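Working through the structure, step by step
In case you want the letters, here they are:
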Amino acid sequence: SLLSTFVRRIKREALHTQRWDLMTISRIHSDSTRSPGWKFSELSVESLPCIAALYGWWGNSPQYDRASRHFANGGRCFGAYADGMLVAATWLLRQPEPVSCRALKVTLSENELLAVDSYTSPIFRDRGIQTALKQWAYAKAHAEGFTIKALVPRDNKAISAVWRKLGAEHIDSRTQWHILGQAID
């Protein structure tokens, strides 16, 4: 009946799990797939309006505030440019600020950075630009003595492939429960 279908859907959506793999990169695998037209740079807090435009954050959004906190807490943002336009970004944090990372009890030592919030403009996806950006950013951080950690959603095949290509090693698996779309500790 319609009512039983509705109840099953509510139950399915009300309580679900998300599975994560905790990965680390201690040695950077280089790749020659980078296009000569792409330029990479570390972005500063002054670049926040450009970063917000890339991610589609408008006005006083919680994401914009979170990005401001990332910079204030020593987070680093790296960007990829094509034809002079910012088309991809990735973040490395010194502390696990995102709620999902706290809920999953990710801890970082002094020489570790947490990779979060990567984004590529839809028209530039499937060209290897995010992989090349990560290789560049992670090599830069590695040269400064850092190891990179990340929580990789197990069901996201694209990002899992990027991490495998980067030479990531599996450390641990985590499960997070969600009730009505909210993560619970």
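For the structure, check the block above.
Right, let's walk through the structure included here. (Residues numbered from 1 in each chain as written. Predicted model: local features only at pLDDT ≥ 70, side-chain atom pairs only at ≥ 80, totals over all residues. Heavy atoms only, no water.)

**A closer look at the side chain of glutamine 130**
One can find glutamine 130 in helix 5 (residues 129-143). Here threonine 120 takes part through its side chain, which lies 2.8 Å from a polar atom of the side chain of glutamine 130. Setting aside its immediate chain neighbours within four residues, glutamine 130 contacts Ala88, Ala89, Thr90, Ser118, Tyr119 and Thr120. (Helix = DSSP H or I, 4+ residues; strand = E, 2+ residues; numbered from the N terminus. Polar contact = N/O pair within 3.5 Å; in protein donor to acceptor, adjacent residues only side chain to side chain. Contact = heavy atoms within 4.5 Å.)

**Let's talk about the packing of helix 2 (residues 48-55) against helix 3 (residues 62-72)**
In contact at an axis separation of 11 Å, helix 2 and helix 3 are set at 135° when each is read in the N-to-C sense. In terms of orientation, helix 2 and helix 3 fall into the oblique class. The way helix 2 lies across helix 3 gives a crossing that is right-handed. Contacts between helix 2 and helix 3 pair Leu48, Pro49, Ile51 and Ala52 from the former with Tyr64, Ala67, Ser68 and Phe71 from the latter. Of the residues that constitute the contact of helix 2 with helix 3, the class distribution is seven nonpolar, one polar and no charged. (Axes fitted to C-alpha atoms, helices over the stretch in contact; angles between N-to-C directions. Parallel < 35°, antiparallel > 145°, perpendicular 65-115°, else oblique. Left-handed = near helix turned anticlockwise from the far one by under 90°. Nonpolar A, V, L, I, M, F, W, Y, C, P; charged D, E, K, R; others polar.)

**A short note on the nonpolar core**
Judged by nonpolar contacts, the single largest core of 27 residues is most densely connected at Ile25, Leu92, Ala115, Ile129, Tyr138, Ile148 and Trp163. Secondary structure elements with two or more residues in this core: strand 1 (15-25), strand 2 (38-43), strand 3 (76-82), strand 4 (85-93), strand 5 (112-120), helix 5, strand 6 (147-153) and helix 6 (157-165). Element by element, the count of residues in this core is highest for helix 5, at six residues. Setting aside its immediate chain neighbours within four residues, tryptophan 163 contacts Met23, Ile25, Ala115, Lys134, Tyr138, Ile148, Ala150, Val152 and Ala168. Ranked by size, the runner-up nonpolar core spans 20 residues in total, among them Trp20, Trp57, Ala67 and Leu93. (Core = buried A, V, L, I, M, F, W, Y, C linked by side-chain atoms within 4.5 Å. Buried < 20%, exposed > 50% of the residue type's maximum accessible area, 1.4 Å probe, protein only.)

**Focus: the packing of helix 5 against helix 6**
How two helices sit against one another is set out by the angle between their axes and by the gap between those axes. The contact between helix 5 and helix 6 brings their axes to 10 Å, and the two run at 45°. Here helix 6 runs oblique to helix 5, going by the angle between their axes. Considering how the two elements wind past one another, helix 5 and helix 6 form a crossing that is right-handed. Touching Thr131, Lys134 and Tyr138 of helix 5 are Ile159, Val162, Trp163 and Lys165, all from helix 6.

Structural measurements only, silent on function.
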